[in-house]
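# Commentary on secondary and tertiary structure
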Amino acid sequence: MLTQTTTRVLEPDDLDAALAVLDREPVANAFVTSRVRVAGLDPWRLGGEMWGWYEDGMLTSLCYAGANLVPVCATPRAVRAFADRARRAGRRCSSIVGPADATAELWRLLEPHWGPARDVRAHQPLMVTDRMPDDIAPDPYVRRVRKDEMETIMPACVAMFTEEVGVSPLAGDGGLLYQARVAELVGAGRSFARVDEHGKVVFKAEIGAATPQACQIQGVWVAPEYRGRGLAAPGMAAVLRYALADFAPVASLYVNDFNTAARRTYRRVGFEEVGAFMSVLF
C-alpha cells in the first residue's frame, strides 16, 4: 500500500495509470506517449525506465529516464524526488528536455552534480496547429522517403543533427543508433523530403512522435545552398498535410527561440505558440 508520497520505477502493470497521466497534456507529452504506446513500460523495450511519483497512492507525475531525461506533468515536489533519484543513479542521459518550468527546476537541482552542460536552451517555444494554411500551397515535390533511400536521406539527417545539436550523431558508436532511428522513421512512413534532380535532399523533416491525440514534427532542414529560396514554408505545409491526414488531429513542434527564421516560417504555416520547452545538452 502506497501512502503519502513516494517515487518508484513503474512496471508493465502500471501502463493504464501512466497513460492517464500522459493524456493530461497530449501535445507536450507526445514524445514520451508515443514511446510508451509502442513499447509499454518494460525498460528493455522502452529504452529506459519510467519513474512514477505518487501522492496519497495516486500516480500524479512521471519522468522518462533513458537517452533523455524527460519530466512529465511533474509537480515541484515530484521534480525534487526525480532529481534526487537521478543524482543517486548518476547521469546516463545525453540531454534533459521537457516543459520549461519543470526542466529548469530539475536542472537547478542536478547542475551541482551533473554540470556543466555543453549547452542550455532555456526557452524553446512549443507551437501547434490543427489545420492547413489558407495561403501557402504544399510543395508538391515533398514526399515520403522510401525504404531504399537510406543512403539519400542519411547525409541530410546527419547535417541537420550536427547543425542543431552541435555534435555529430556519428560520434561514439559510429552512428549505429542514429542510423537505426532514421531507418525506424523511414520504415514507419514518417520521414519526408524533397530531392533535387541530382539525388540530393534539399528539404526534409520527420514526424518524430505520433499518438492518437497529437504528433510532433522534428528535424526540419533546408540544404544550405537552397536557403532563402522560399522552400521551407511550402515544405512544412506539405509535411503538415501528411501529419494531419495520416497521424493525428494536432501537429506540434518546438524550436529554439534564437532561430527567428524558423519561427517566422512556422507562424506563416499557421503554428501558434502554446508554451515552451527547455533542453539541457551534455
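Owing to the predicted nature of the structure, the values given are computational and were not obtained by experimental measurement.

## A closer look at the overall build of the protein
Along its length, the protein carries nine helices and 12 strands. A compact globule built from 282 residues would reach a C-alpha radius of gyration of about 19 Å, and the protein, at 19 Å, matches this within 12%. Considering only C-alpha atoms, the protein reaches an extent of 65 × 40 × 35 Å along its principal axes. In the protein, buried positions account for 49% of the 282 residues. Summarising the internal contacts of the protein: among those between residues at least 6 apart in sequence, 69% fall at separations of at least 24. With an accessible surface of roughly 13600 Å², the protein has 52% of that area assigned to carbon and sulfur atoms.

## Re the pattern of salt bridges
Once their charged atoms are close, side chains differing in charge can pair, the charge on each being opposite to the other. Throughout the structure, instances matching the rule amount to 18 salt bridges. Between Arg-146 and Asp-148 there is a salt bridge whose closest N-O contact spans 3.1 Å. Residue Arg-146 is classed as partly exposed on the basis of its relative accessible area, which comes to 44%. When salt bridges that share partners are traced, they join Arg-143, Arg-146, Asp-148 and Glu-149 into one network.

## As for the side chain of Thr-33
Mapped onto the fold, Thr-33 is located in helix α2 (residues 30–39). Thr-33 sits in the buried class, given a relative accessible area of 1%.

## Concerning the sheet that holds strand β2 (residues 49–55)
Strand order in the open sheet made by the 12 strands is β1-β2-β3-β4-β5-β12-β6-β11-β10-β9-β8-β7, with mixed pairing throughout. Since the sheet does not close on itself, it has two edges, and those belong to β1 (5–9) and β7 (143–144), each with one partner. For strand β4 (residues 68–72) and strand β5 (residues 95–99), the ladder comprises two bridges, and the chain directions are parallel. Residue Asn-68 lies in a different strand from β5, and its bridge partner there is Ser-95. Where helix α4 (residues 76–89) meets the sheet, it contacts β1, β2, β3 (58–65) and β4, and its direction lies at approximately 140° from that of β2. Contacts from helix α5 (residues 100–114) reach β4, β5, β6 (119–129) and β12 (272–281), with the element oriented near 155° to β5.

## Digging into the environment of Val-97
Position of Val-97 among the secondary structure elements: in strand β5. Sequence separation of Val-97 and Phe-258 is 161 residues, and the distance between their C-alpha atoms is 17 Å. Leaving out residues up to four positions away in the same chain, Val-97 has contacts with Asn-68, Leu-69, Val-70, Pro-71, Thr-103, Tyr-254, Phe-277, Met-278 and Ser-279.

## Comments concerning helix α9 (residues 260–269)
Turning to α9, its buried residues number three or more, namely Ala-262, Arg-263, Thr-265, Tyr-266 and Val-269. An end-on view of α9 places all buried positions within 160° of arc, on one side of the element. Just past α9, the residue Gly-270 takes up positive phi, approximately 115°.

## Concerning the nonpolar core
Generally speaking, nonpolar side chains in soluble globular proteins are found buried as a group. In this structure, Ile-153, Val-182, Ile-217, Tyr-266, Val-269 and Phe-271 are the most contacted members of the largest nonpolar core, which totals 43 residues. Taken together, the elements giving at least two residues each to this core come down to α6 (150–165), α7 (176–187), β8 (191–195), β9 (201–210), β10 (215–222), α8 (232–246), β11 (251–254) and α9. Residues contacting Val-182, with those up to four places away along its chain left out, are Met-150, Ile-153, Met-154 and Cys-157. The next biggest cluster of nonpolar side chains, apart from the first, holds 25 residues, and it includes Leu-10, Leu-59, Val-70 and Cys-73.

Each value, and the rule that gives it
- Residues numbered from 1 in each chain as written.
- Predicted model: local features only at pLDDT ≥ 70, side-chain atom pairs only at ≥ 80, totals over all residues.
- Heavy atoms only, no water.
- Helix = DSSP H or I, 4+ residues; strand = E, 2+ residues; numbered from the N terminus.
- Rg over C-alpha atoms; globule rule 2.2 N^0.38 Å.
- Buried < 20%, exposed > 50% of the residue type's maximum accessible area, 1.4 Å probe, protein only.
- Contact = heavy atoms within 4.5 Å.
- Areas by Shrake-Rupley, 256 points an atom, 1.4 Å probe, with all protein chains shown as cover.
- Salt bridge = Lys/Arg side-chain N within 4 Å of Asp/Glu carboxyl O.
- Pairing = 2+ DSSP bridges.
- Axes fitted to C-alpha atoms, helices over the stretch in contact; angles between N-to-C directions.
- Arc of directions from axis to C-beta.
- Core = buried A, V, L, I, M, F, W, Y, C linked by side-chain atoms within 4.5 Å.

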